Amino acid sequence: MLRFVRFLSRHPLKVFLVYSFVVAIFIQAVALPLMFPSAHAGDGMLKVGDWISYNKWALESAEIIRTQGWAQHLQQRKDQNIEYSVLTILYHWIHPKPWVALPLLVLFHSLSALVIFRLLLSISRNRTSAFVATLPYFLFPTSLVWVSQVHKDGAVFLGFFLYLLGWVWLFEGDWSRFQSQQARRIVRSTVVILVGSLILWRCRGYFGYFIHYAIGTLGLVILTVVLHLRNTPFRYRVMLLGYGLLIVVGLSKWLPGSGLDFVKPLPLVVDGVKVTKVGQLRKIAKKKAAVRVAVAAPVAKTEEGPAEPVPARAPAPAPEAESAPKMAPAPAPVPVVAAPVVEPSSMEEIRLERPRVWLETEWLPEAWDRRFFAVSAVRWGYLLTKSKSNIDDHDLFYSALDVVLYIPRAIVVGFLAPFPSMWMGDATSDASSKMRYLAGLEMAFAYLMLPFLFAALFLYRRCPQFWFLFLSCLATLVLLSSAVPNVGTLHRFRFGFWTFFLGFSICAVIQVVPNIRTYFQNVGRFWRGQSKLEPQRT
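Reading the values: rules and limits
- Residues numbered from 1 in each chain as written.
- Predicted model: local features only at pLDDT ≥ 70, side-chain atom pairs only at ≥ 80, totals over all residues.
- Heavy atoms only, no water.
- 1 Å grid on protein atoms, 1.4 Å probe; cavity = no way out; pocket = protein on both sides within 12 Å on 5 of 7 lines; lining within 4 Å.
- Points joined across faces, edges and corners; volume = space filled by probe spheres on them.
- Helix = DSSP H or I, 4+ residues; strand = E, 2+ residues; numbered from the N terminus.
- Nonpolar A, V, L, I, M, F, W, Y, C, P; charged D, E, K, R; others polar.
- Buried < 20%, exposed > 50% of the residue type's maximum accessible area, 1.4 Å probe, protein only.
- Contact = heavy atoms within 4.5 Å.
- pLDDT = per-residue confidence, 0-100.
- Salt bridge = Lys/Arg side-chain N within 4 Å of Asp/Glu carboxyl O.
- Patch = residues over 30% accessible without salt bridge, like charges linked within 9 Å, V, L, I, M, F, W, Y side chains within 5 Å.
- Areas by Shrake-Rupley, 256 points an atom, 1.4 Å probe, with all protein chains shown as cover.
- Core = buried A, V, L, I, M, F, W, Y, C linked by side-chain atoms within 4.5 Å.
- Axes fitted to C-alpha atoms, helices over the stretch in contact; angles between N-to-C directions.
- Parallel < 35°, antiparallel > 145°, perpendicular 65-115°, else oblique.

**Topic: empty space enclosed by the protein**
With the rule as written, the count across this model stands at two cavities of 30 Å³ or more. What the second largest cavity holds in volume is close to 30 Å³. Every residue lining the second largest cavity is listed: I116, L120, A133, T134, Y137, T499, F500 and G503. For the lining of the second largest cavity, the elements supplying multiple residues, two or more each, are α6 (102–124), α7 (127–139) and α22 (495–527). Residues that form the lining of the second largest cavity fall into these classes: five nonpolar, three polar and no charged.

Encoded structure:
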């Protein structure tokens, strides 16, 4: 078995291409029409999914192109996305059936698996362990969605993995001496980074926001790596740092912020005052609290009826001399009716009625605050669907601090959702229910392997490529978990980044288990008196 795996690891791309193509043909031609006809929508497509709409639009557009020409098609479809455009071209040039897109889908998935294999190989330095660690992304049933159906997730993951590969190529260079080879490495890495970013932005525009966040973490990673290049001359450290910052600033400027610029935050109106910042709301709350304390009156308990407020009494007059004339007592102060105080419950009601309410944070730059609002807007849009797969639907974000405070919960959801209670639950359709069972099997394997991630953190602690991949995938995973409360959608969106952590764990297991076995064998030999460590007799 080990020899067979080693043989496969020598030709990873051929293995990925052959397996993906065979599985895609089997699903469309055999599994759906013959084995699961209740989930078959015709032409090898599942009943539930975006591919139904893509196929319908592509058929209409191909007919328009055939009868009226390309000009009429471009005039009618100006807002087309990438998968719809590609499918239209394939329908027009080859044949109007979904199977014509299978070679392209298989290529995307196979190249993504190959890039993961290359990234894990840069960490483990072992082709067999890197190949085995790539199998969760390649073999898990979730990946069959974008292998056998017309979907863009395969291209999205390919773009992100190419983006990571470009940075890893930079880390692998020997910068002790700057030569022409290093210049070629810089050019190659830059091209791969830009191509991956372009694919990611073009396939899923609002993912540009997540790229921004990952790029923000890369600045710290690059700085850390550059400072640890002890054998590198100082001028080359400065050059590398400047190059990294140039790429970060350039991509941050060129790529879109969130793809949600049309969504505007709504101001919060309290007693006719427009509140747009957290500080304003705190001042209003403090002012109302002070007024409430000033007019508060003690409450007298009565045996019959509700409690009645006791009118406030004037303070007792100071003792006066006998010769001084007595003054009439001061009239009781007129009770002041304070404006209704905004309690947490009433504030929550206001927020639930207007979920897009957003309060700016004064000390945070406006561009950063807008990106935090993008996370809130995406989450609000998913919660409006009221799907059965939604989780933490009571957690809404109204300021940047709310997003930050949700990070611990986002880490738990990102790594461990869907939870066991959701593996066997009823879904909106029969196909979705079957996907829940398959996702449960994937999560059961993940629960066994993720504890070894701590071993990977220790084993690869001196590897800059590992920390770069770990931080980039963790940042993207946290953002996806914060923005997407629908567990089914989240599991598909995060799949490529999440399987990286499984790959790290598998590499650690392959490296640790033989050492543990050798250790216990040596301990057994020692107790039997057969240890080679026994002192020699003279």
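**Some words on unusual backbone geometry**
Note the cis peptide between A417 and P418, where omega equals 0 degrees. With phi around 60 degrees, D43 is a residue other than glycine that occupies positive phi space. Mapped onto the elements of the fold, D43 is located in the loop between β1 (40–42) and β2 (45–46). Given the relative accessible area of 39%, D43 is considered partly exposed. Positive phi outside glycine occurs at D392, with the angle close to 55 degrees. Taking relative accessible area as the criterion, D392 reaches 11% and is therefore assigned buried.

**So, the side chain of T134**
With respect to the helices, strands and loops of the structure, T134 is situated in helix α7. Ignoring any residue separated from it by four or fewer positions in sequence, one finds T134 in contact with F16, A113, I116, F117 and L120.

**Points about the confidence of the model for the chain**
Confidence along the chain averages 75 in pLDDT terms, with 64% of residues attaining 70 or more. Throughout residues 255–259 the model reports pLDDT below 50, and contacts reaching past four residues in sequence, or to other chains, amount to 17 contacts. Confidence drops under pLDDT 50 across residues 330–354; counting only partners more than four residues distant or on other chains, this segment forms 23 contacts.

**Regarding the pattern of salt bridges**
Here the idea is simple: oppositely charged side chains can pair when their charged atoms come close. According to the stated counting rule, one finds four salt bridges in the structure shown. D43 is the salt-bridge partner of K97, the closest N and O atoms lying 3.2 Å from each other. In this pair, K97 is assigned in the loop between α5 (82–93) and α6 and D43 in the loop between β1 and β2, connecting sequence segments 54 residues apart. Here K97 falls in the partly exposed class, since its relative accessible area comes to 30%. The shortest N-O distance in the salt bridge between D392 and R409 comes to 2.8 Å.

**Some thoughts on a nonpolar patch on the surface**
Together, W70, L74, I89, W93, I94 and W99 line one region of the surface with nonpolar side chains, adding up to about 670 Å² of accessible area. Put simply, the parts of the chain that give the nonpolar patch at least two residues each are α4 (70–76) and α5. Mapped onto the elements, I94 comes out in the loop between α5 and α6. Its relative accessible area of 55% is what places I94 among the exposed residues.

**Section: the nonpolar core**
The biggest cluster of nonpolar side chains holds 111 residues, and the ones touching the most others in it are F161, L164, L469, W498, F500, F501 and F504. For this core, the element with the most residues is helix α9 (residues 153–171), which contributes 15 residues.

**Some points on the packing of helix α1 (residues 2–10) against α7**
Following both chains from N to C, one finds α1 and α7 inclined at 85 degrees, their axes separated by 9 Å at the closest point. Here α1 is positioned roughly perpendicular relative to α7, judged by the angle of their axes. Within the contact between the two elements, α1 uses L2, V5, R6, L8, S9 and R10 and α7 uses R127, T128, F131 and V132. Split by residue class, the contact of α1 with α7 holds five nonpolar, two polar and three charged.

**Overview of the environment of F26**
Its location among the elements puts F26 in helix α2 (residues 12–35). For the pair F26 and G44, spaced 18 residues apart in the sequence, the C-alpha separation amounts to 9.6 Å. Setting aside anything within four residues of it in sequence, one finds F26 in contact with A31 and M35.

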